[in-house]
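# Residue-level structure breakdown
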Amino acid sequence: MGGILKFYMLIPFELYRVFYTTARLGSISKASKELFTSQPAVSYSIKQLEEKLGGQLFFRNAKGVSLTAEGEILYQYIEKGCSLILSGERKFGELKDMTLGQLRIAVCSAVCKNDLLKPITHYHQLYPDIRIHVRDESSHEISRLLDTGEIDIGIINFHENASEQLHIVKQIKKEMCFITGKKYEALSTNPISLRALTEAYPLIALHKGGSTRNVLDQFLLSYGINKNPHIELSTLELIVEFTINGLGFACVTKDYVANELDCKKLFLIPILEPLPKINLAVVLKKGMPVSTASEKFLELINQ
């Protein structure tokens, strides 16, 4: 029995493709046109298949060809397999041609607004048929999603997630700054020490657990300051609004509040100590094949 199965498995799929196409169209001439080959080549392939299987598959008739009883049985099985394989080939071609597919990214919302919105917009203009999924996640969760294959591209805090399982495509350095609103505008006129600032004015910060909050905490501790914020919030958007409304001062990336600084809604506080930086990285899972959709997006962000 094993020898018989092995024999049938050696039959080239191309012979079954010719058989399927001829049976579906009922004509050798029509099959040759669809397969971009000659009529003699189609006839020869059918003859080869008949010889390997040991039976006749077609009768010739006035309109073309029709299936024998054995051919009908074979077609019932081959039709399902060939349809799936040809559909797979078509879908693969659509993916390569960027007329089908998806792009899955995970990043914190602040980075998306300042660093990804423009390339994502450009990408959508170039490839409108590609579905785009963007998730707002922490660096730790992004690493997990990459590992499980739930996303294609992640942007993480590099220092906290220097995993050997990740391939770094690009690094992004973020300049931090201290800001305040109109109420404490006087703080923008003269440099002040970190300790004097934190002891005299209310600090607004993100909840613990995120990379931005960790950078702030480590920066304060490096100068011996163990300071709990007066106000803890869940998003940078809220931090900006609370700061504008005079509830305290905050530490954020400078590009995130560029518009508010230009409009004089917020003011920079000059700090005597060197300011920290956030090092972000665009990452992929190491060893994981990159889809065409992801490759095209990476080309845009690397420009």
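These remarks concern the structure in this document.

So, how was this worked out
Residues numbered from 1 in each chain as written. Predicted model: local features only at pLDDT ≥ 70, side-chain atom pairs only at ≥ 80, totals over all residues. Heavy atoms only, no water. Core = buried A, V, L, I, M, F, W, Y, C linked by side-chain atoms within 4.5 Å. Buried < 20%, exposed > 50% of the residue type's maximum accessible area, 1.4 Å probe, protein only. Contact = heavy atoms within 4.5 Å. Disulfide = S-S within 2.5 Å. Helix = DSSP H or I, 4+ residues; strand = E, 2+ residues; numbered from the N terminus. 1 Å grid on protein atoms, 1.4 Å probe; cavity = no way out; pocket = protein on both sides within 12 Å on 5 of 7 lines; lining within 4 Å. Points joined across faces, edges and corners; volume = space filled by probe spheres on them. Nonpolar A, V, L, I, M, F, W, Y, C, P; charged D, E, K, R; others polar. Phe/Tyr/Trp six-rings, centres within 6.5 Å; stacked < 30°, edge-to-face > 60°.

### Quick word on the nonpolar core
Taken as a class, soluble globular proteins show a tendency for nonpolar side chains to be buried jointly. Counting 41 residues, the largest nonpolar core has Leu116, Tyr123, Phe178 and Phe297 as the members making the most contacts within it. In contact with Tyr123, not counting residues within four places along its chain, are Met98, Leu103, Ile130, Ile132, Ala293, Lys296, Phe297 and Leu300. Phe19, Ala31, Phe58 and Leu67 belong to the second largest nonpolar core, which has 20 residues in total.

### Description of the state of the cysteines
Applying the stated criterion to the full structure yields zero disulfides. Cys177 carries a free sulfur, and the closest cysteine sulfur to it, the one in Cys251, is 6.9 Å from it. Here Cys177 falls in the buried class, since its relative accessible area comes to 4%.

### What about unusual backbone geometry?
The backbone of Phe36 sits at a positive phi, close to 55 degrees, despite the residue not being glycine. The residue Phe36 is located in the loop between helix H3 (28-34) and helix H4 (39-53) in this model. The exposure class assigned to Phe36 is exposed, which follows from its relative accessible area of 78%. One non-glycine residue with positive phi stands out, namely Lys264, at about 65 degrees. Inspection of the secondary structure puts Lys264 in the loop between helix H11 (258-262) and strand E10 (267-268). Taking relative accessible area as the criterion, Lys264 reaches 57% and is therefore assigned exposed.

### A short note on empty space enclosed by the protein
Going through the model one piece at a time under the given rule, you end up with one cavity of 30 Å³ or more. Taken as a whole, the largest cavity holds about 40 Å³ of empty space. Around the largest cavity, the lining residues are Ala205, Leu206, Thr212, Arg213, Leu216, Leu236, Ile239 and Cys251. The greatest single-element share of the lining of the largest cavity, amounting to three residues, is contributed by helix H9 (residues 211-221). Partitioning the lining of the largest cavity into residue classes produces six nonpolar, one polar and one charged.

### Some words on the packing of aromatic side chains
This model, assessed by the stated rule, comprises nine aromatic pairs. Their ring planes at 55 degrees and their centres at 5.5 Å tell us that Phe19 and Phe58 sit as a pair that is tilted. Pair noted here: Phe19 is in helix H2 (residues 13-25) and Phe58 is in strand E1 (residues 58-60), with a separation of 39 residues, a long-range link. Plain terms: the ring middles of Phe219 and Tyr223 are 5.6 Å apart, the flat faces sit at 80 degrees to each other, and that makes the pair edge-to-face. Among the residues examined, Tyr223 registers a relative accessible area of 35% and is labelled partly exposed. Three or more aromatic residues joined by ring pairs make a cluster, and in this case those are Phe19, Tyr20, Phe58 and Tyr75.

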